[in-house]
Amino acid sequence: MNYQKKSQEGAIGAVGILLVVVVVAVVGYAGWRVVSSDDDSTKANINTTQETDVAGSLPTNLEGFKTLEEITELAGSGVAGVDIIDFVLEEKDGEFIYKVIFSDGRKVRLNASSGEILSEETTDVSDDDKIPAGLTLTVTPAQAYAMASTYSDSAVVKIEFEVEDDKITYKVEFKDGSKVEIDASSGTVVKSNIKGGEEFESEDEHEDDGHEHEEDDDDDEEDDHDEDEDKHDDEDDDHEDDDEDSSDDS
C-alpha cells in the first residue's frame, strides 16, 4: 500500500512538473511573439517614415523622363525659332509633371515619363522672357540634377529652368530647402545656398551687383545735381523778388 501510494504521489509530481514546464514554454513563446510583433511594428514605422521623407521628391536620376527635345516635339512645336523658355519638373499627386512655357506663348503640362499632354493654354511672353541671342542651352536637366546633387544629400524636389537677366539657368531645389543655381549655357554653378553650409555666389553675380550699385550712385549724383539746380532757381527767384520790391519802394 505504501509503495502504491508513493508511486501515485511520484506520478502526480511528474505531471505537475510537466505542466509547469508547458506553462512556462507557452508564456515564453507568447512573450517572444509580443516582442517580435513590436520589432516588426517598429520596422514598419521606420519604413513608413523613410517613405514619407522622400515623398514628393524626384527619382535619384532622371532616366526614363522625356528630354526637352522630346517634350518640344511632343508638344507640337517643331517650328524653327520656338524654344522652351521656362519649365518646372516636379512630383504632383504621385505623378511627375513638366510644366513648360514655349517662346510662342504656349503653356503645356505633360507627364514627364510618358509625354502625355495633360493640359494646354496660352500666356503672354515678352522678348525679355526669350533666350538671349548668342546663348544656347547646352546643359540638360539630368546633368544639372547630377551637378546639384553633389552639393546636398537631401532629396531633390524641383528643377526649374528659366530665362532671367540675360541668362538661362537651372534652379535645383532640395527637400531641406537647399538650392543650387546652374548656368544652363556654361554649366557653371552661379549660386548655392545649402542648409548647414556656406552660401556661395559667383563673381559674375557680384560684378552685376557692383554694376547695379554704380548705376544707383549715378542716379544719386543726378538727383543731387537736380536739387542744386532747383536751389539755384529758388535763389534767383528770391533775388528777382527783392529787386522788384526795391523798385517799388523807390
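Residues numbered from 1 in each chain as written. Predicted model: local features only at pLDDT ≥ 70, side-chain atom pairs only at ≥ 80, totals over all residues. Heavy atoms only, no water.

Okay, the overall build of the protein chain next. Scanning the protein chain from terminus to terminus reveals four helices and nine strands. When its helices and strands are written in sequence order, the protein chain yields α-α-β-β-β-β-α-β-β-β-β-β-α. Across the 250 residues in the protein chain, those meeting the buried criterion constitute 25%. Within the protein chain, contacts between residues at least 6 apart in sequence are counted, and of these 44% link residues at least 24 apart. For the protein chain, the accessible surface area stands at approximately 16900 Å², while carbon and sulfur atoms represent 48% of it. (Helix = DSSP H or I, 4+ residues; strand = E, 2+ residues; numbered from the N terminus. Buried < 20%, exposed > 50% of the residue type's maximum accessible area, 1.4 Å probe, protein only. Contact = heavy atoms within 4.5 Å. Areas by Shrake-Rupley, 256 points an atom, 1.4 Å probe, with all protein chains shown as cover.)

Right, let's talk about unusual backbone geometry for a bit. Positive phi, normally seen in glycine, also occurs at Asp 165, with a value near 55°. Mapped onto the secondary structure, Asp 165 falls in the loop between strand 5 (156-164) and strand 6 (167-174). Although it is not a glycine, Asp 166 sits at a positive phi angle of roughly 60°. Residue placement: Asp 166 occurs in the loop between strand 5 and strand 6. Given a relative accessible area of 62%, Asp 166 falls into the exposed group.

In this structure, the largest pocket occupies an estimated 340 Å³ of space. Looking at the largest pocket, it is lined by 18 residues, and the ones nearest its centre are Thr 67, Leu 68, Glu 69, Leu 137 and Pro 141. Among the secondary structure elements, those contributing two or more residues to the lining of the largest pocket are helix 2 (68-74) and helix 3 (141-149). Here the element with the most residues in the lining of the largest pocket is helix 2; it accounts for three residues. Looking at side-chain class alone, the lining of the largest pocket contains eleven nonpolar, four polar and three charged residues. (1 Å grid on protein atoms, 1.4 Å probe; cavity = no way out; pocket = protein on both sides within 12 Å on 5 of 7 lines; lining within 4 Å. Points joined across faces, edges and corners; volume = space filled by probe spheres on them. Nonpolar A, V, L, I, M, F, W, Y, C, P; charged D, E, K, R; others polar.)

Note that all results are geometric; they support no functional claim without further evidence.
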